Every structure is written in structure tokens, then in C-alpha cells.
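One letter stands for each residue in the lines below.
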Amino acid sequence: MKFSEIIVDADMCIKLGGFQSTSVLEIMIPQLTDKAYIHKYVYEDEILTPKSARIQIENLIRKGIVEIVQEEQLTPLERNIFDATVQVLENVMIGVKKEGKNWGELLSLSIAKTKEIPIFMSDERDLQELIDIHLNTGSSSDIKVFRLKNLIEWIKVNPECNVKRSFAKALWSTVNVKNKSDVQKRKKIFDKELWTLHMNE
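Parameters at a glance
Residues numbered from 1 in each chain as written. Predicted model: local features only at pLDDT ≥ 70, side-chain atom pairs only at ≥ 80, totals over all residues. Heavy atoms only, no water. Helix = DSSP H or I, 4+ residues; strand = E, 2+ residues; numbered from the N terminus. Rg over C-alpha atoms; globule rule 2.2 N^0.38 Å. Buried < 20%, exposed > 50% of the residue type's maximum accessible area, 1.4 Å probe, protein only. Contact = heavy atoms within 4.5 Å. 1 Å grid on protein atoms, 1.4 Å probe; cavity = no way out; pocket = protein on both sides within 12 Å on 5 of 7 lines; lining within 4 Å. Points joined across faces, edges and corners; volume = space filled by probe spheres on them. Nonpolar A, V, L, I, M, F, W, Y, C, P; charged D, E, K, R; others polar.

1. Structural notes on the overall build of the chain
Right, so step 1: Of the regular secondary structure elements, the chain holds 10 helices and five strands.
Right, so step 2: What you see for the chain is a C-alpha radius of gyration of 17 Å, in line with the 17 Å of a compact globule of 201 residues.
Right, so step 3: Relative to its full complement of 201 residues, the chain shows a buried share of 45%.
Right, so step 4: In the chain, 70% of the contacts between residues at least 6 apart in sequence involve partners at least 24 apart.

The structure is reproduced here in C-alpha cells:
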């Protein structure tokens, strides 16, 4: 089942875009949604390497699947919501710095809140709690962080996406993993917790 809209953060683009030999972003984003957004700052200033991630996002933009957004495009009412959200997040996000640490994340969340985009594709571990406390109100447009773990779970329950378990396991086990021992640990987590094989599978 596809999401209505998503907005993507730099970290997931960089992690998935750097996966060896397969264009994961170009495969998965069209599977997840018909319309994805990326903030102009994230696109221009944060997704610089790996080159493969940048190329995949550019290809998706050309295909009309990903759209670049920025606050200058907003209506006056939307801009008020955006500016207020930016101010809230600047006050509560630890270490955030304008055009520095977590700035793209802050801008993307502010756009998501303003445009009621329900899915924020980011792998930040503690972000959902912050969003629930400071941005979400219990409505249908509440923002949910969609992490790598969520992507694996989505692949598992959406077999029509034609992404095999072996590919999902390779993603989980190797994306942004630094050494071989961590790869083995993540493979065990995948088999025991994320996607357990049953006798008939």
C-alpha cells in the first residue's frame, strides 16, 4: 500500500543511495509513493555524496516522482505555519544550527507540518518522540518518521512491490554499517526480529 505523500531527508537518501550495485532510491521511492518531496536546501547542500545518491534523486526529479520544495513557494497562510514550526523546532532540537547541523531536517519537518505530508523518510532514532510532543496533534495528518527498519517492515507486508527478502536483508545488514562484525549482528537481528522465516517460506 502506497503512502499519499512523503518527504525525504538527506540521511536516508545518502544511506540508501550508497548501496552498492543497485539503485535503491530509484527502486523504492516510486514503490512507496506517487509523490515525494525534498527540500531545496537538502537537495542542494546536503546530498553531495555519494554521487550515486545525487544521480538517483536527479533521475526521480526528472521523472516527476520527486519534487523540490521551498518556503518561498508557500501561500502567506502556509508561510506563517512554516515560520512558526521552524521557531518551535529551533527551540527544541538539540544542537540545531542554521545552515548547519540538522538544518535540512528542521526545514523538511516544517514543510511536512505545513503541507500535511504524513511521512518523513529519515533514519533519526529519537526524532519521532520530539515530533509527537511538539508537532503532532492526534490528527490524520500527524507526521510519522519512516526509518530503515520501517522500510524493511513495509517490504515484508507489501509483497506486490516484488522486493525479495534477500534484498531486504542485504539492505538492513550493510547500509551504513562500518565493519563485518556489525554486519553479522544485523543479519541476526533481521532473522530473529524483523523477518523470521517460517517452515513454509
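Once the structure has been displayed, the description carries forward.
2. Things to note about the layout of surface pockets
Right, so step 1: What the largest pocket holds in volume is close to 350 Å³.
Right, so step 2: The wall of the largest pocket is formed by 14 residues, among which D123, R125, R147, W172 and R186 lie closest to the centre.
Right, so step 3: Of all elements in the fold, only α8 (148-157) and α10 (180-194) reach the threshold of two or more residues within the lining of the largest pocket.
Right, so step 4: Tallying contributions element by element places α10 first for the lining of the largest pocket, with four residues.
Right, so step 5: Here the lining of the largest pocket is built from residues that sort into six nonpolar, one polar and seven charged.
Right, so step 6: Put simply, the second largest pocket is a space of about 210 Å³.
Right, so step 7: In this structure, the second largest pocket is lined by V92, M93, I94, K101, N102, E105, E124, D126, L127 and L130.

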